[in-house]
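Close look at the chain arrangement
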Amino acid sequence: MNSIQLFFNVWRSVIPFIIIMVMIVGNGYATTAKQNQDTTHSAPSIDIFDVLRKWTKKPAKPVDTVRTTKSNLSILPVLGYSPSNGVVLGAAVSVTKYMADPTITKLTTALLNASVTTKDQVILSLRYDLYTAQNKWYISGDNRLLFFTQPTYGLGIYGLNDQPYTFNLNGLSATTHGSLEQPLKYNYIRLYETFLRKINEHHWYAGMAVMIDDNYKIQDQSLKLDSPVHLTSHYIYSKAYGFNTTQYNTDGLSVEIMHDSRDNPINPYSGYYLNVSYRVNPTFLGSSQNSSILYYEYRTYINVNKDIPQNLIAFWFWGTNVLTGHVPYLELPSITWDTYNRSGRGYIQGRFRGDNMLYGESEFRFRLTSNGLLGGVTFINCTTASNPLPLTNQNLFNTVAPGGGVGLRIKMNKLDRTNITVDYGMGYGFSGIYLNIREAF
């Protein structure tokens, strides 16, 4: 099956959902247009808490204004399902606050998550983006502690067209057909702390980051070295490049430059974001091997209706390249391992991995109700990755994995635009539901 056929097979199942959403939007807009030509102000903005107050017959909350002394807190009990976690039970807390005058200071945000899953996972994370007064400093963190079980699926892009995946090491070889799933159990610590200083009045920043990745107690659950031998990509890669198969570290420093003109980091209506990072991981800082990595990311938001700022087309692109040395298997670039685990909707976390990876996504966001309570999205993405192992001969763009889907947005906090997001994504041979707080990007 060629790439064009694959694309249409994925979207054939998505189109009915898009049609339903367009019909809802059309009906909502038709009603609103009769009331007021300026649809932006056709109804007061409300969020889910306004609805709950109405249902419980509590008095409406007075209209608030943004103040530096007040934090906006959104708490979402998590009881749901995700493709990579199974049934999830826990809580997510989103906090936003202006650290100084909102007219000259960007919004500070933090997201705390604690959850357990039916796949024997314990997930703890704290991620934040802090802007000091007048945006002089931007400080961010991506910190995680995972007690994790998750399959990997080899390196590069395989399995889309029933391609076999072949392992080779010291005369031993194995070829996998069909499912490429290779279960792993491991613990993971990530500590990323970034400190950037504003260098001019045009939203440019520069600085450094401390970056620590520690994988330990790794159990390659499908590996068999006794007869009959069953090799895994984790074992082959680790042996080929001299890594311990049960634990390894990638600890280093990065130099970064960033531009951020988004009007809101949680749910932007305008602006763009650019980040370029060069990371070095020397052994004297604790890395298992010397290596260097280049990371680059770009996001932009284009409004399609001047009267409705929520209606926009958003674009997201990122790439990661291992420039020198080798990086441990579980720390190679992989989908859904970005800061907020949002890339690769339509596939399970870790489905694609490689020493070089490029990812692109486009999303159409639109308002469903004139009061802003409900919104919708449609999205499409693609991933390509290379396989560095000898004899595999797969480079970037040899194969591209497409994905796409639709989603519902429920306004959780109208002051900082926080949404509850429910997405249905489809990829080749896979589909799943993704429940989160905040937009995908």
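Look up a bit, the structure's there.
This one's a predicted model, so the numbers in the text were calculated from it and none came from an experiment.

With the rule as written, the count across this model stands at 18 salt bridges. Residue Glu-297 pairs with Arg-299 through a salt bridge whose shortest N-O separation is 2.6 Å. For Arg-345, the salt bridge is made with Glu-363, and the minimal N-O distance between the two is 2.8 Å. Placement of the pair is Arg-345 in the loop between β13 (312–325) and β14 (356–367) and Glu-363 in strand β14, with a sequence separation of 18 residues. Note on accessibility: Arg-345 and Glu-363 belong to one class, buried. A cluster of three or more residues bridged by salt bridges with shared partners is formed by Arg-345, Glu-361, Glu-363, Arg-365, Arg-409, Asp-423 and Glu-439.

On to the nonpolar core, then. Grouped together as the largest cluster of nonpolar side chains are 26 residues, with contacts concentrated most on Tyr-186, Tyr-237 and Leu-330. For this core, the elements supplying multiple residues, two or more each, are β5 (137–152), β8 (182–198), β9 (204–220) and α4 (233–240). Sorting elements by how many residues they give to this core places β8 first, with four residues. Other than its neighbours up to four places away in sequence, Tyr-237 contacts Leu-155, Phe-243, His-326, Val-327, Pro-328, Tyr-329, Leu-332, Pro-388 and Leu-389. Formed by 17 residues, the second largest nonpolar core is a distinct cluster that contains Leu-312, Trp-318, Tyr-347 and Phe-441.

Most of α4 sits inside the fold, with six of its eight residues counted as buried. By the burial criterion, the buried members of α4 are Ser-233, His-234, Tyr-235, Ile-236, Tyr-237 and Ser-238. Positioned one or two residues after α4, Gly-242 has a phi angle of 80°, which is positive.

What follows deals with helix α3 (residues 48–55). For α3, the complete set of buried residues consists of Asp-50, Val-51 and Arg-53. The arc that holds the buried residues of α3, viewed along the axis, is 160°, so those residues lie on one side. Between the side-chain oxygen of the N-cap and the backbone nitrogen of Phe-49 there are 3.1 Å, and the N-cap of α3 in question is Asp-47. Positioned one or two residues after α3, Lys-57 has a phi angle of 60°, which is positive.

Time to look at the pairing of strand β18 (residues 430–437). Sheet topology places strand β17 (residues 418–427) next to β18; eight bridges connect them, and they run antiparallel. Bridging across to β18, Thr-421 finds its partner in Asn-436. Hairpin geometry of β17 and β18 is characterised by an intervening segment of two residues between the two adjacent antiparallel strands and by a positive phi of about 75° at Gly-429.

This paragraph deals with the pairing of β14. For β14, the tally of buried residues reaches 10 of 12 residues, placing the bulk of the element in the interior. Examined bridge by bridge, β13 and β14 share 10 bridges and lie antiparallel to one another. Bridge pairing in β14 places Ala-314 opposite Glu-363. Pairing of β14 with strand β15 (residues 374–385), which is carried by 11 bridges, proceeds in the antiparallel orientation.

Moving on, we get to the packing of aromatic side chains. The relative placement of two aromatic rings is captured by the distance of their centres and the angle of their planes. With the rule as written, the count across this model stands at 18 aromatic pairs. Here Phe-148 and Tyr-186 contribute two aromatic rings whose centre-to-centre distance is 6.0 Å and whose plane-to-plane angle is 65°, an arrangement assigned as edge-to-face. Separated by 38 residues along the polypeptide, Phe-148 in strand β5 and Tyr-186 in strand β8 bring together distant segments of the chain. For the pair Phe-148 and Tyr-186, a shared accessibility class is recorded, and that class is buried. Measuring from centroid to centroid gives 5.9 Å for Tyr-237 and Tyr-329, while their planes differ by 65°, and the two rings are edge-to-face. Remark: Tyr-329 occurs in the loop between β13 and β14 and Tyr-237 occurs in helix α4; sequence separation between them is 92 residues. The class of Tyr-237 is buried, set by a relative accessible area of 1%. Since its relative accessible area comes to 0%, Tyr-329 is described here as buried. Members of the aromatic cluster, joined through ring pairs, are Tyr-237, Tyr-241, Phe-243, Tyr-248 and Tyr-329. The ring of Phe-441 has Arg-365 lying over it, and the distance from NZ or CZ to the ring centre is 5.0 Å.

Calculation criteria
- Residues numbered from 1 in each chain as written.
- Predicted model: local features only at pLDDT ≥ 70, side-chain atom pairs only at ≥ 80, totals over all residues.
- Heavy atoms only, no water.
- Salt bridge = Lys/Arg side-chain N within 4 Å of Asp/Glu carboxyl O.
- Helix = DSSP H or I, 4+ residues; strand = E, 2+ residues; numbered from the N terminus.
- Buried < 20%, exposed > 50% of the residue type's maximum accessible area, 1.4 Å probe, protein only.
- Core = buried A, V, L, I, M, F, W, Y, C linked by side-chain atoms within 4.5 Å.
- Contact = heavy atoms within 4.5 Å.
- Arc of directions from axis to C-beta.
- Polar contact = N/O pair within 3.5 Å; in protein donor to acceptor, adjacent residues only side chain to side chain.
- Pairing = 2+ DSSP bridges.
- Phe/Tyr/Trp six-rings, centres within 6.5 Å; stacked < 30°, edge-to-face > 60°.
- Lys NZ or Arg CZ within 6 Å of the ring centre and 35° of its normal.

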